[in-house]
Amino acid sequence: MSAEQAPELGVSFASQASYEPPVSLGPPALRVRHLWHRFGHFDVLRDVCFEVPQGEIFGFIGPNGAGKTTTIRIMATLLEPMAGRVEVDGIDVTVDPEAVRRVIGYMPDHAGVYERVTVREYLEFFADAFRVPSATVVDAVLELTDLGPLSDKLVATMSKGQKQRLQLARILLHDPKVLILDEPASDLDPRARIEMRNLLLELRSLGKTILLSSHILTELSDVCTSVGILERGRILVCGPIGEIGARLEAQRAAQAIGHAPPAAQAELVRGAQLQPGQVHPAQLQSGQAHPAQLQSGQVHPAQLHPGAVAGAPLQAQAPQPSIAVRRRVKLKILGQPEYVASLLRGGPGVVDIELSYGMAVVTIDGPEARIADMVAHLVRNNVGILGVEQERNELERIFLEVTRGEMQ
Amino acid sequence: MSVQTGETIPPAPASQRAVDRARHRIAIWRADPNPIWIRELRQSARLTRTPFILMAITMFVTLIIAAVGGVLSDQVASDKVGLATFNTFFSIAFFLVAWVGPALAANAIASEREGRTWEAVLLTGLRPQVIARGKFLAAFTAIGTYIVTLAPVGALCFLFGGVQALEVAIAFVFLFIFALLSVAFGLALSSKMASSRGAIVLTLLLSVPISLFVYGLGGPAMSTAIHRLWAAVPEGPPVWLPMAYVRGSFGFEYLVLLVGLPAILVVLPAWFFYETTVANLSGNNDDRSSGMKHWFAVSSLLLTATAVLALYSVPANDVDDFGVFALVLLSMYAAFCAFVFAGEPVGPSRRVTMDWERSGAGAIRRFFGPGLVRAAELQLIGLLPAFALTTFVAAYILLSTPPSSMPYYTPKSPDGIIRFGSYAASFYVFVVGAGAFLRARASAPTPARVLLFVTMAAIAVVPWIVAAIGGAIARSDEALAVASPSPFFAFALLGDSKPDVVYLSGWGMSALWVVLGFTLLVVAGRKSREIVAKFERTLAEAEQRLAEEDAAMEAALLAEAEARAPAGGEPQGGEGPA
């Protein structure tokens, strides 16, 4: 921010919403704190706070004009925040943008490519521009993105999906830790989308942290480990999809028995600010945290004993109602659905069972391990299982529930 | 290594001799050329229309030269034919370079923005300077190809006689120099534009009249003046400069007119275009001021030195006219710079401040950095002495030249040029003050520049209209005094035949401009300081809040560790059992 922008800013920190720093073991790959930005007299971003831990695929969602691209451009050092701090891999984007550029790979929405060069020439140029020390990097990236067979093809003759993969190859050349992708699957056909999704999962397995902005929620729920929903320049909710869904469910339940007025529902969720990769203390108390999360260190020791720790971060979380992760699981079965229902009804965590021909949709509270237990139980009772699938529309439900459809 | 060329960068030489280091630099440049240049060359190589365009232009020029040569060969001597074809060829080549060069360059950066490839390049970490040089080299290579293709046609000229081979060679060198300036000009415009078409149209709209003006003034008009100095240089033809280098007699004038002046006229605009391009390619929060301020400091110094040297080299009879001419040129340059610096940010951004702190920047570097008040101070420091020195030297020469020193010399009073110089300098103080004031109150550079332009235009024109009406009513020369606020009133202060009230109003207005200028500057400074202080307060508040959050976080972690210590027993962090 330049000095001249200060008078128009009108930022009062006293009035900002309380932001509780997350409890996390490693340094976050992306850390956005009290971010404000203004275009003219219009606040595009208002006190945006969130974090993305290392190795996550973070879905950044919001209606058009919510401020997603502005946030992303600030992270990518293309805009300087007017207030607040954005850190990428611990480096402040304002203080050392050159260093940030070395650790990020940014793919803008509808980015262009040079048309009159071949795929290899295109990547060679960017390899030189990134000061990549070896030509073998280009080959490695071509292989990773499955562009090897197209290396001598002119970029102008490539399909949109191939060009999008080329863009992804470009931002991988300097081996960045963090990938920031703004609408990477826009305008792609279904096959190209699937390829892109698989590529993102592969990149995550290579240890990359990915921030992904998209409008296609089903696509995000397939790949994202956590999401942040932005509306009118404010983060409404942030955290793993299942946990946000469970929190909303719990709040609905509380509202039903008169604990929370309807208007406050979204505010409650906003206040939650669960960070990606974190498990809510309530889950741990009820034994609902997945063991994998404990092993991988995603659960901070402090969360194991929330009542024992004093201090702002955890005090805010303590009064939350006890919640559980609720899932809807589709079971394709051989045999009578009614028999399946009789086997499952009253089982641990089973909330509801809907039956249709050859299928049972089971609503179940608790960790994913319960699904495995449920399937094992059915198999032990000689029920043929043709398929098990978790319903993927949770993100859409969350999105519709927490956003108000307001445009900036 | 360069991945594009496949070359490995040679290791640095053990020797620290300048020659070895220069060789190493050349080796690096060859092994690891500008990546943007190489990529653009690869792209250009696939442009199938280029050979056809080159062929068409060459054929067109050949036909014209053949036609001119054919028509003239029956009417005049062979050497005249050679001179005519020489002038025809290089005139065409000049316009080709002056129009095609900027158009080629205009496409360079604007097309990246239009094609949405710009951000990808920017995020590679390539510095704006490297990008600017790569784009320049690409466009210069393209226009260079045009010139090289035309070279055989141009070489025909000296076969007829009338011009020497060396003159043709020098003319080609100048063609490349004009190409350099044209490309730099096109690139500077392109760096500001977001649309290729817009950039090309704007570039052509500007380059056509500018090139016609330069051709007219620097061609036939200058050849007449040069012919008076060196009779061997033909009078009238537009392409006289290469002949002046070969036929002019070596001396002080030769050094000033053919070495010093061309160097200044090439280096200063080229440097300005380069800094403009780099500034436009840099982010809003990067240091976009230092380069331009360095250019201003050096160019002001060079222009002042040139003005003073030129005053000493012209005959005493012409000193008053040349002094006014030099002051007018200085005023135009000063006004131009005032508009350039009217876009200066109020203060350095956080990014720049952090960079200064990290690198331990000294006072001089900070002075040349972004900042409105610093820019205004630099303008006054850079050009007020230039006005004063030029006026003083002209007046001194007029006063100190004895009547008998040269034939037909009429002693002249220095009063006119002193009044002119004083008024010009005073008005400049006002322009700088007004520019700073408007910028301090505007939220962006463009409104400040527009307001400054409107203000200056109104001040320049309105007093003359009022004076004309007043003069018509009063039927007196004294009504001229009403026009005193206009900067053009300085011309009315020359000579000694006007009513005293005109001169008095001139002095009065000069004083008023100085007072107004400094007042506006003080107000602008106060406003800037307020803005910077508010910005720093906001920043400090934000930092404090973030620090508090960090402290709370640390306290929470510490408390957690303490709470777990007695219960946990075994210290954590050690290697567990396999």
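Residues numbered from 1 in each chain as written. Chains lettered and ligands numbered in written order. Predicted model: local features only at pLDDT ≥ 70, side-chain atom pairs only at ≥ 80, totals over all residues. Heavy atoms only, no water.

A. Examining the pairing of strand β3 (residues 57-61) of chain A more closely. Residues and elements named next belong to chain A. Most of β3 sits inside the fold, with five of its five residues counted as buried. Burial along β3 is two-sided: Ile 57, Gly 59 and Ile 61 and Phe 58 and Phe 60, pointing in opposite directions, are all buried. Examined bridge by bridge, β3 and strand β8 (residues 209-213) share four bridges and lie parallel to one another. Counterpart to Gly 59 in the pairing with β8 is Leu 212. Note: β3 against strand β9 (residues 226-231), four bridges, orientation parallel. Each residue of the ladder has a partner; that of Gly 59, found in β9, is Val 227. (Buried < 20%, exposed > 50% of the residue type's maximum accessible area, 1.4 Å probe, protein only. Helix = DSSP H or I, 4+ residues; strand = E, 2+ residues; numbered from the N terminus. Pairing = 2+ DSSP bridges.)

B. Molecular detail of the interface of chain B and chain A. Listed by partner, the interface residues are 56 residues for chain B and 70 residues for chain A. Buried area between chain B and chain A, summed over both chains or domains, comes out near 5,700 Å², and the portion from carbon and sulfur atoms is 56%. On the chain B side of the contact with chain A, Val 3, Leu 123 and Arg 351 of chain B bury the most area, a combined 13% of that side's loss. Counting across the chain B and chain A interface gives nine salt bridges. With a closest N to O distance of 3.2 Å, Glu 549 of chain B and Arg 33 of chain A form a salt bridge. Counting every contact that joins chain B to chain A gives 22 residue pairs in polar contact (both at pLDDT 80 or more). At the level of secondary structure, the elements contributing two or more residues to the side of chain B that touches chain A comprise α2 (35-45), α5 (118-122), α13 (350-359) and α19 (500-568) of chain B. Considering only residue class, the side of chain B that touches chain A consists of 25 nonpolar, 12 polar and 19 charged. (Contact = heavy atoms within 4.5 Å. Buried area = accessible area lost by both parts, 1.4 Å probe. Salt bridge = Lys/Arg side-chain N within 4 Å of Asp/Glu carboxyl O. Polar contact = N/O pair within 3.5 Å; in protein donor to acceptor, adjacent residues only side chain to side chain. Nonpolar A, V, L, I, M, F, W, Y, C, P; charged D, E, K, R; others polar.)

C. Spotlight on the packing of aromatic side chains. One pass over the structure, following the stated rule, counts 42 aromatic pairs over all chains. Ring geometry for Tyr 114 of chain A and Phe 125 of chain A: centres 5.8 Å apart, planes at 80 degrees, overall edge-to-face. Note that Tyr 114 of chain A is positioned in the loop between β6 (104-107) and α4 (119-129) and Phe 125 of chain A in helix α4, a separation of 11 residues in sequence. Across this residue pair, the class does not change: Tyr 114 of chain A and Phe 125 of chain A are buried. Pairing Phe 322 of chain B with Phe 325 of chain B gives two aromatic rings, centres 5.9 Å apart and planes at 55 degrees, and the pair type is tilted. Here Phe 322 of chain B pairs with Phe 325 of chain B, and both are found in helix α12 (residues 319-341), just three residues apart, close to one helical turn. Three or more aromatic residues joined by ring pairs form one cluster here, namely Phe 94, Phe 95, Trp 99, Phe 174, Phe 178, Tyr 215, Trp 230, Tyr 245, Phe 250 and Tyr 254 of chain B. Here the guanidinium or amino end of Arg 39 of chain B rests over the ring plane of Tyr 114 of chain A, the centre of that ring lying 3.6 Å away. Over the face of the ring belonging to Tyr 503 of chain B we find Arg 419 of chain B, whose NZ or CZ atom lies 3.9 Å from the ring centre. (Phe/Tyr/Trp six-rings, centres within 6.5 Å; stacked < 30°, edge-to-face > 60°. Lys NZ or Arg CZ within 6 Å of the ring centre and 35° of its normal.)

Purely geometric stuff here, so don't read any function into it on its own.
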